[in-house]
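Spelled out, the chains give:
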Protein chains: 2
Amino acid sequence: MLEMNKRRITSKELAKLAGVSSATISRAFSPDSRIGSATRDRILAVAREYGYQPNAIARSLNNQRSRLVALVVNAIGNPCEAEEQQLLVHRLQERQLLPIILCCADHDDRLQLMRLASTYQVDHVVVFSDMVSMQDAVDIFHTTKPIIVSFEPLDNEKVSSIRIDGSAAADEIIDKIVGDGKKRFAYLSGTKSSWIDKLRRKWFVDALAKRGLGLQAEAFGDYSYDSGFKEAVLLLHRAKVDAIICGNDVMAIGARDAARRVLGKNTPDDIAIVGQDGIAMAAWDCNDLTTLSLDHVAFIDAVVELIERHDAELEGPHSITLTCTARWGSTA
Amino acid sequence: MLEMNKRRITSKELAKLAGVSSATISRAFSPDSRIGSATRDRILAVAREYGYQPNAIARSLNNQRSRLVALVVNAIGNPCEAEEQQLLVHRLQERQLLPIILCCADHDDRLQLMRLASTYQVDHVVVFSDMVSMQDAVDIFHTTKPIIVSFEPLDNEKVSSIRIDGSAAADEIIDKIVGDGKKRFAYLSGTKSSWIDKLRRKWFVDALAKRGLGLQAEAFGDYSYDSGFKEAVLLLHRAKVDAIICGNDVMAIGARDAARRVLGKNTPDDIAIVGQDGIAMAAWDCNDLTTLSLDHVAFIDAVVELIERHDAELEGPHSITLTCTARWGSTA
DNA sequence: ATGCATTGTGCAAACGGTTACACAAACACA
DNA sequence: TGTGTTTGTGTAACCGTTTGCACAATGCAT
């Protein structure tokens, strides 16, 4: 049983116990370094006995490599991001990389936070949030390996990006809805300043335009269920629409509830409702949402690929494009 | 504009630029250290100019204080934890503490992961997951400040804990359901090995026992919507019950959907369904769940209080007890 | 003028590892 | 037996800070 409250043993102390120098201890813990296998085994045995583990902080200082990854996210609870976050965290951990979560609603706080994380010499930065200016991120993390950003492209030697293309899927969805006889569309955006939201909106607006249609009404929420509910109520009172395209799935669920509960309109007959993201909850029986969805696994695969590319010093930022697909539910 | 790809400037280099020693640089960045205010101002100005920020890794090595906090969680996406995680992350960040997320389903991986995090000399450990043995956690993190564990009590000088008491609320809920004429109860557990799940189950079993009732049937899920749905179907085919108490809200939503969709039974008339956690989604119009809920803010307040207690070296582990309340919805 | 706190700064030794370099021992080959 | 390569280990410098100690300069009371 290890003693409590005792300082962790250092390599120098272990060296004395094993009758070697601290350099040899270090080598015993570095996979491919010149060391006799007998010595290594003996050291590892003694290390286990005394509970020795190399201090990652000291190691990082020397290596210039912290194995820390900053994850900049909008929110942790939000299901649209959570599934991806979860996946990414697992993939990082498999690679012995530790994720530091930076999560902050307020703009200035976010900058402060990124500055703080940058002092920890993180090896990589993944920006999931489209609320942070890439230029700010680059300025703050200019000493790390390239930054990976989910969406917003920025022409900079430090930024690798993942582009999302949902235009084809939006086209299919609009096609179906128009085929069902709907004509009066509304778009319910996420946050106003969101880059990705503008992009998503464009896919649908373009798809409508192809058919000579436009938006009859528009509103802005904040990606939350409550905002979806509230804005849908206002929207439906304000304008006569028979289809609402929402900025994400959670707002779509809110809008669906609002239509049903407050206006007595049911999907898909009275009104069509479309989400975006393709989160698991969208497929739940009680929701069964029609949604423009992105393959989360493919997305995270892409992020991991970019990280590995950076790790391998195959620098030069890179860009990967992913295509969305439609998930057909009973709401449109 | 800062130059790209350039090594971060060090305190020694900045010292040269400012015409002082690196010790003085350090003092300029330490709030209460003996330094002339003129010198400090000059240094901060030069630092800003060259984009200097003290290297937190080096600082941690020296200080024996990393300002890193390990958060051991079951999953990131799971809404029951996500709300708390989100809150805690914010509170930590306010205190300039950076959270490292450890998230892992598999038992052995989890131990590996905790060992990895422990090499980063985290200052605090918060265990949100009831899937990890506290004894393992203590063995691994025996050099950090006391561990904070959400639920499972362990009599150890390194463990502070937060106890949850839901017995009174369970009593109220059972009272209401029995008053509505229901008699045949089932309990749908979360994971089998979960400590907290056993506790929650006990609250309800005790409340039933008080009224001379027992469980007619029982099943085990994994806290997910899908498992709630599937297990409820099996359960309702297997046994005649008119009330299902679920281990968390998400399973309750799954069970409600299963009852309605597969069996054609509606809440609360045909069957009563109760959740636990009190997540935001439970209050959504489409769910409106009756649930035994915990005040997340109070919970995180308690966690933060324990962390500050440890930080202030008012050591000695401490224990805080929180009481759950009932949230009344239309499902029971 | 003298002594004595007080204040501001530099020097150098930590903190706990890694690694370039040096060197001895072991082995190869003629 | 000597030369050359390989292998395993130790020495010491370094990674970028913090901080105890020493010391000069300043202020203040005699």
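Residues numbered from 1 in each chain as written. Chains lettered and ligands numbered in written order. Predicted model: local features only at pLDDT ≥ 70, side-chain atom pairs only at ≥ 80, totals over all residues. Heavy atoms only, no water.

A word on the domain arrangement of chain A. Residues and elements named next belong to chain A. Looking at chain A, the domain boundaries give domain 1 (11–54), domain 2 (66–165 + 296–323) and domain 3 (167–293). Using only C-alpha atoms to locate each centre, domain 2 and domain 3 end up separated by 29 Å. At the interface, twelve residues of domain 2 touch 17 residues of domain 3. In this assembly, domain 2 packs against domain 3 so that about 1,200 Å² is buried in total across both faces, 62% of it on carbon and sulfur atoms. (Domains from an automatic or database assignment. Contact = heavy atoms within 4.5 Å. Buried area = accessible area lost by both parts, 1.4 Å probe.)

Residues and elements named next belong to chain B. Read from one edge of the open sheet, six strands run β7-β6-β8-β9-β10-β12, paired in mixed fashion. Because the sheet does not close on itself, it has two edges, and the strands there are β7 (215–220) and β12 (325–327). The average angle at which neighbouring strand axes cross in this sheet is 20 degrees, direction not considered. Both strand β6 (residues 185–189) and strand β8 (residues 243–246) contribute to a ladder of four bridges, which runs parallel. Counterpart to Leu188 in the pairing with β8 is Cys246. (Pairing = 2+ DSSP bridges. Helix = DSSP H or I, 4+ residues; strand = E, 2+ residues; numbered from the N terminus. Axes fitted to C-alpha atoms, helices over the stretch in contact; angles between N-to-C directions.)

Per-residue pLDDT for chain A has a mean of 90; in total, 96% of the residues score no lower than 70. When pLDDT is averaged over each element of chain A, strand β8 (residues 243–246) of chain A comes out on top at 97 and strand β4 (residues 147–149) of chain A at the bottom at 73. (pLDDT = per-residue confidence, 0-100.)

Mapping chain A onto chain B is achieved by rotating through 180 degrees and translating by 0.1 Å along the same axis, at an RMSD of 0.1 Å. Both copies of the chain, as the preceding transformation shows, are related through a two-fold rotation axis. Closest to the rotation axis within chain A is the C-alpha of Ile100(A), separated from it by 2.4 Å. (Least-squares fit on C-alpha atoms with pLDDT ≥ 70 in both.)

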